[in-house]
Amino acid sequence: MPAVQCRECGRDVAVHEIETATTTTPDGFETRYRCPYCDSEMRDVKTRIV
């Protein structure tokens, strides 16, 4: 299973464990990703898969 390393706590978070929140914007949709361990926002999830 692919994982993403959290820059704040350093833990590897499996893709299915990442908390997501999608909201609508005038241009479409915006999805935010959050680490389930330290609750910090994760950016560039697609480029940081380990």
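Residues numbered from 1 in each chain as written. Predicted model: local features only at pLDDT ≥ 70, side-chain atom pairs only at ≥ 80, totals over all residues. Heavy atoms only, no water.

The name given to the protein chain in an unreviewed UniProt entry is Small CPxCG-related zinc finger protein, with the source organism recorded as Haloferax chudinovii.

Quick notes on the pattern of salt bridges
Here is the rule: Salt-bridge detection follows one rule: a side-chain nitrogen of Lys or Arg within 4 Å of a carboxyl oxygen of Asp or Glu. Per-residue accessibility, obtained with a 1.4 Å probe over protein chains only, is compared with the maximum for each type, and a residue is labelled buried under 20%, exposed over 50%, and partly exposed between these values.
Per the counting criterion, the structure on display carries three salt bridges. Between E30 and R32 there is a salt bridge, with its nearest N and O atoms 3.6 Å apart. What makes R32 partly exposed here is its relative accessible area of 43%. A salt bridge links E41 to R43, with the shortest nitrogen-to-oxygen separation between them at 3.7 Å. Judged by its relative accessible area of 39%, E41 is partly exposed. A single network of salt bridges, built from pairs that share partners, joins E30, R32, E41 and R43.

Observations regarding the side chain of S40
Stated precisely, the cut-off is as follows: Strands are runs of DSSP state E lasting at least 2 residues, helices are runs of H or I lasting at least 4, and numbering of each runs from the N terminus. Here, two residues are considered to be in contact whenever any of their heavy atoms come within 4.5 Å of each other.
Relative to the elements of secondary structure, S40 occurs in the loop between strand 4 (28-34) and strand 5 (41-42). When near neighbours in sequence (up to four residues on either side) are disregarded, S40 contacts C6, E8, Y33, R34 and C35.

Some details on a nonpolar patch on the surface
Threshold: Patch rule: a residue counts if its relative accessible area is over 30% and it has no salt bridge; like charges are joined within 9 Å, and nonpolar side chains (Val, Leu, Ile, Met, Phe, Trp, Tyr) within 5 Å. Note that accessible areas follow from Shrake-Rupley with a 1.4 Å probe, and for residues the cover is restricted to the protein chains shown.
Among the surface-exposed residues, M1, V15 and I49 lie close enough to one another that they form a single nonpolar patch of about 320 Å² accessible area. Along the chain, the position of M1 falls in the segment before strand 1 (3-5). We classify M1 as exposed; its relative accessible area is 75%.

A few points about the nonpolar core
The following threshold applies: Residue types Ala, Val, Leu, Ile, Met, Phe, Trp, Tyr and Cys, when buried and joined through side-chain atoms within 4.5 Å, form a set referred to as a nonpolar core.
V4, C6, V13, I18, C35, M42 and V45 form the largest nonpolar core, which has seven residues in total. In this structure, V45 is in contact with V4, I18 and Y33, ignoring residues within four places of it in sequence.

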